[in-house]
Protein chains: 2
Amino acid sequence: MSEVQKNWNNKLIDFHGRCRAAGLKMTPQRVAVFKALIGTDKHPTAEDVYRDVRLEMPNISLDTVNRTLLTLVEIGAAFVVEGTGQPRRYDGGMDDHQHFRCLKCGKIVDFHYEPYDNIDVPAAIGHYTVLRKTVYFEGYCDACTHDN
Amino acid sequence: MSEVQKNWNNKLIDFHGRCRAAGLKMTPQRVAVFKALIGTDKHPTAEDVYRDVRLEMPNISLDTVNRTLLTLVEIGAAFVVEGTGQPRRYDGGMDDHQHFRCLKCGKIVDFHYEPYDNIDVPAAIGHYTVLRKTVYFEGYCDACTHDN
DNA sequence: TTGACAAATAGTTTTAAATCCTATTTAGTA
DNA sequence: TACTAAATAGGATTTAAAACTATTTGTCAA
């Protein structure tokens, strides 16, 4: 089995575990949405995922996709990309990376800076269950910096 | 003049400068929205700001508040609080702090951890104009951690 | 100081994402 | 295999945000 397949398998096993822990059923729809999400390196919207999943499961409803994405977020199996939303963009927890977002054009730039992969949690919130730690920058991209 | 008033004055001067730099007019509505935003330590929605501003300026329209808030964000005079939005919550750049957000109940907890006040910008995005650097955590708050 | 003009606003309508609703189906398990 | 709580499909509803247009208002140059 290739490394990629192993990684994939691990994610599905992890997902299975999270669902059990939360008392959630393993429906085909849920699995399909999850697969669609981790199968892309983009930050898809609910519509994007809907379009994708329907190729294999033509009857799934948009509401189910929306509901499922929310559920994934609630159990920490996916996250919403920072930013002002509308539509929300989801992130299936691909490899470590951070985001820069342009305040003018809304473009999201992925980058990776290792020191940010695992920053420490301050004592003040140490008693919470922390599922995700994010470092995030905002400003103007090159184009928007220059076009005044 | 008190420290608080000085701080306020500085913010208004900074705001004035940002508007000039961006070629924006100093309208009473714009100033009122900005003042309402920096005058609170909450993270108000557009509706909250609207309600607040109308006390002094009863004819201002909700659209103007929305538009103005977006404008403030674009010039870096305000920011949208991380999270899944709807309604968006704005932040007038009060004193340094970070956010923890509960993935179940949506509660936002402010905390302050000095090392995060001024993290460094990686070279990869060094050529962008960085206006805001954010460290942000997600997970379950105490109540949601325990109630299964 | 005034006049011209681009920019901003009020008020309303429109849009679109997300959520809600209900009858039906299904996964988990006893 | 049958039961039950949970999940889904499909459509209706909600609601924040954006779009539209006539009118008003800062800003800057003369």
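The rules behind the values
Numbers given for residues are sequential positions, taken from 1 along each chain in its written order. Both sets of labels track the order of writing: A upward for chains, 1 upward for ligands. Owing to the predicted nature of the model, reporting of local features is limited to residues with pLDDT of at least 70; listing and counting of side-chain atom pairs is limited to 80 or more, with chain, interface and lining totals taken over all residues. Values reported for side chains reflect all heavy atoms of the structure, with hydrogen atoms and water molecules removed beforehand. Whether two residues are in contact is decided by their heavy atoms, any of which lying within 4.5 Å being enough. A side-chain nitrogen of Lys or Arg and a carboxyl oxygen of Asp or Glu constitute a salt bridge if their distance falls within 4 Å. The term polar contact refers here to a pair of N or O atoms within 3.5 Å; inside protein, the definition further demands a hydrogen-donor-capable atom paired with an acceptor-capable atom, and it admits residues adjacent in sequence only when both atoms are side-chain atoms. Labels follow the DSSP assignment, with helices taken as runs of H or I lasting at least four residues and strands as runs of E lasting at least two, numbered in each case from the N terminus. When residues are grouped by polarity, Ala, Val, Leu, Ile, Met, Phe, Trp, Tyr, Cys and Pro land in nonpolar, Asp, Glu, Lys and Arg in charged, and all others, Gly among them, in polar. A pair of strands is labelled paired if DSSP reports no fewer than 2 bridges between them. With a 1.4 Å probe rolled over the protein chains alone, any residue whose accessible area is under 20% of its type maximum counts as buried; one over 50% counts as exposed, and the rest are partly exposed. Here is the rule: rings of Phe, Tyr and Trp (six-membered ring for Trp) pair when centre to centre is within 6.5 Å. Planes less than 30 degrees apart are stacked, more than 60 are edge-to-face, and the remainder are tilted. The atoms used to superpose the copies are C-alpha atoms, taken from residues with pLDDT of at least 70 in both, and the fit is least squares. Structural elements are reduced to axes, namely lines fitted to C-alpha atoms, with helices fitted over the stretch in contact, and the angle between N-to-C directions of any two is expressed from 0 to 180 degrees.

**Student:** Requested: an account of the interface of chain A and chain B, with residues and values cited.
**Tutor:** Facing the 42 residues of chain A at the interface are 42 residues of chain B. Connecting chain A to chain B are zero salt bridges. Inspection of the chain A/chain B interface yields 18 residue pairs in polar contact (both at pLDDT 80 or more). Of all the elements in the fold, those that place two or more residues in the side of chain A that touches chain B are helix H4 (62-74), strand S1 (79-80), strand S4 (108-111), strand S5 (129-140) and helix H5 (142-146) of chain A. With 12 residues, the top contributor of residues to the side of chain A that touches chain B is S5 of chain A. Split into classes, the residues belonging to the side of chain A that touches chain B amount to 23 nonpolar, 11 polar and eight charged. Sheet topology places S5 of chain A next to strand S5 (residues 129-140) of chain B; 11 bridges connect them, and they run antiparallel. The residue bridging Val 135 of chain A from the neighbouring strand is Val 135 of chain B, located in S5 of chain B.

**Student:** Could you give an account of the environment of Leu 24 of chain B, naming the residues involved and the relevant values?
**Tutor:** Residues and elements named next belong to chain B. The topology assignment puts Leu 24 in the loop between helix H1 (3-22) and helix H2 (28-38). Using a relative accessible area of 25% as the deciding quantity, one classes Leu 24 as partly exposed. Sequence separation between Leu 24 and Ile 75 is 51 residues, and the spatial gap between their C-alpha atoms is 9.8 Å. Sequence-distant contacts of Leu 24, that is, excluding residues within four places in its chain, are made with Cys 19, Arg 30, Thr 71 and Ile 75.

**Student:** Quick one: what's the story with the packing of aromatic side chains, residue by residue and with numbers?
**Tutor:** All told, the structure shown has 10 aromatic pairs over all chains when counted by the stated rule. Relative to Phe 34 of chain B, the ring of Phe 15 of chain B has its centre 4.1 Å away and its plane inclined at 5°; by these criteria the two rings are stacked. In this pair, Phe 15 of chain B sits in helix H1 while Phe 34 of chain B sits in helix H2, placing the two residues 19 residues apart along the sequence. What makes Phe 15 of chain B buried here is its relative accessible area of 0%. In textbook terms, an aromatic cluster arises when at least three aromatic residues are bridged by ring pairs, as seen for Phe 111, Tyr 113, Tyr 116 and Phe 137 of chain A.

**Student:** Which residues make up the relation of the copies chain A and chain B, and what are the values?
**Tutor:** In screw terms, the move from chain A to chain B is a rotation of 180° and a rise of 0.0 Å along the axis, fitting with an RMSD of 0.1 Å. Taken together, the rotation and translation relating the two chain copies correspond to the operation of a two-fold axis. No C-alpha of chain A lies nearer the rotation axis than that of Val 135 of chain A, which sits 2.3 Å from it. When you check the interface residues of chain A against chain B, 98% turn up at the interface there too, and the contact is symmetric in its surfaces.

**Student:** Quick rundown of the sheet that holds strand S3 (residues 98-102) of chain A? Include the residues and the values.
**Tutor:** The strand order S4(A)-S3(A)-S5(A)-S5(B)-S3(B)-S4(B) describes an open sheet built from six strands, whose pairing is mixed. Two strands lie at the open edges of the sheet, namely S4 of chain A together with strand S4 (108-111) of chain B, each paired on one side alone. In this sheet, adjacent strand axes meet at a mean angle of 30° when their direction is disregarded.

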